[in-house]
Amino acid sequence: GLVISEVNKSLKVPVSVSDVDLAFWGSFPRLSVDFKDVFIQDSFEGSTKLDTLLYSKRIRMKFNPMDLWRENYTLKSIEISPGTLKLKVNNKGITNFDILAETKDTVETTELALKLEEVEFEDFRFSYSNRVIDQKYAININTMALVGEFSSSKFTTSATSDLHIITARSGKIDLVKNKPAKLSIAVNVDKDAGTIEIPQSTIYISNLPFTFKGDIAENDFQFRLKGQNIKIEDAVNRLAMKETEDVKRFGGTGILLFDLEINGNDKAKQPVTVDCSFGIKN
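Definitions and limits used
Residues numbered from 1 in each chain as written. Predicted model: local features only at pLDDT ≥ 70, side-chain atom pairs only at ≥ 80, totals over all residues. Heavy atoms only, no water. Phe/Tyr/Trp six-rings, centres within 6.5 Å; stacked < 30°, edge-to-face > 60°. Buried < 20%, exposed > 50% of the residue type's maximum accessible area, 1.4 Å probe, protein only. Helix = DSSP H or I, 4+ residues; strand = E, 2+ residues; numbered from the N terminus. Polar contact = N/O pair within 3.5 Å; in protein donor to acceptor, adjacent residues only side chain to side chain. Pairing = 2+ DSSP bridges. 1 Å grid on protein atoms, 1.4 Å probe; cavity = no way out; pocket = protein on both sides within 12 Å on 5 of 7 lines; lining within 4 Å. Points joined across faces, edges and corners; volume = space filled by probe spheres on them. Nonpolar A, V, L, I, M, F, W, Y, C, P; charged D, E, K, R; others polar. Salt bridge = Lys/Arg side-chain N within 4 Å of Asp/Glu carboxyl O.

Colleague: Provide a residue-level description of the packing of aromatic side chains, including the pertinent values.
Modeller: One pass over the full model with this rule turns up four aromatic pairs. Considering the side-chain rings of Phe150 and Phe155, the 5.4 Å spacing of their centres and the 65° angle between planes classify their relative orientation as edge-to-face. The pair Phe150 / Phe155 is uniform in exposure class, with both members buried. A ring pair is formed by Phe212 and Phe223, whose centres lie 6.1 Å apart and whose planes are at 10°; its orientation type is stacked. Of the two residues, Phe212 is situated in strand E11 (residues 208-216) and Phe223 in strand E12 (residues 220-227); the sequence distance between them amounts to 11 residues. Under the relative-accessibility criterion, Phe223 is labelled partly exposed at 23%.

Structure, rendered in structure tokens:
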């Protein structure tokens, strides 16, 4: 009840939970509190309980049993499995994930301390659709681990994940479809400045290497994905881009040059720009 109460203080849309259990052996040496059937509804006007923003069959919060005995409720780790997160932007640019309530100037004391160091996902489905820029992404997260000092105002978290990309579509172009992916990246978070930085890292999509980096500010964001010396024959065989079908008619070999850049400015209400270039180097 304490956890649910604290979470709902920060949300416009209340979270619902069907049951709460204590577990020990499954998370030894920590004691865990398992929240069953966790549900958060879309924030769209007129949405119903059939419109899901977040659902998880189980969210497990791990505590030190000795801390609980002393009534020191310090949360250090969270496991989420299985579950789904559906982020949407409608044709008017309104999002379904505007669920955070306005913060109060007064400081309220609470018995629950957050010193989160690890978040783990397993069998988690993630999707993002944006009708304004006609983009859709859907991913199955087999496993993902986020490690860092999440309670600090400035921290770096490492993200390691084994994924399956169901679709990555921009307009009528399927960039990737039904392909495995792996990533190991760092994410720099500055809560005071409201910024998130993803330094350049290498991710693998269908075992092909791409460099990825990104920056997110309060009203701006920028992402860039570039191919790294990808052979034409590998791109044809492993990626879903229809443009590569033309390559099958050629007998030569070469390197695919792939560069995708996404920029946006919400404050100025400017449309998101998507620049994607392909090239072949013999």
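Colleague: An account of the side chain of Gln135 is requested, with residue identities and associated values reported.
Modeller: Along the chain, Gln135 turns up in strand E7 (residues 135-147). Of note is the side chain of Gln135, whose polar atom sits 2.7 Å from the side chain of Tyr137.

Colleague: Quick one: what's the story with the pairing of strand E8 (residues 154-170), residue by residue and with numbers?
Modeller: In the sheet, E7 pairs with E8 via 12 bridges, with the strands oriented antiparallel. From the neighbouring strand, Ala145 faces E8, where its bridge partner is Thr160. Between E7 and E8, which follow one another and run antiparallel, lie six residues. Relative to strand E9 (residues 173-190), E8 runs antiparallel, the two sharing 16 bridges. Directly across from Ser161, in E9, lies its bridge partner Leu183. Hairpin connection, E8 to E9: the antiparallel pair is bridged by two residues, and Gly171 has positive phi, about 65°.

Colleague: Can you tell me about the layout of surface pockets, naming the residues and giving the values?
Modeller: Of the volumes computed, that of the second largest pocket is approximately 190 Å³. Lining the second largest pocket are 11 residues, and of these Gly1, Leu2, Val3, Val33 and Phe63 lie nearest its centre. Residue composition of the lining of the second largest pocket, by class: 10 nonpolar, one polar and no charged.

Colleague: Account for the environment of Leu208, with residues named and values stated.
Modeller: With respect to the element layout, Leu208 can be found in strand E11. The sequence separation of Leu208 and Lys231 amounts to 23 residues, and the corresponding C-alpha distance is 9.2 Å.

Colleague: Explain the pattern of salt bridges to me, and be specific about the residues and the numbers.
Modeller: This model, assessed by the stated rule, comprises seven salt bridges. The partner of Lys36 in a salt bridge is Asp21, and the shortest N-O contact between them spans 2.9 Å. Residue Lys36 is located in strand E2 (residues 31-41), and its partner Asp21 is located in strand E1 (residues 19-23); the two are separated by 15 residues in the primary sequence. Residue classification places Lys36 among the partly exposed positions, given a relative accessible area of 24%. For Asp190, the salt bridge is made with Lys154, and the minimal N-O distance between the two is 3.8 Å. Taken together, the residues span a long stretch of sequence, with Asp190 in strand E9 and Lys154 in strand E8 at a distance of 36 residues. A relative accessible area of 17% means that Asp190 is categorised as buried. Each of Arg58, Lys62 and Glu79 takes part in a single network of salt bridges with overlapping partners.

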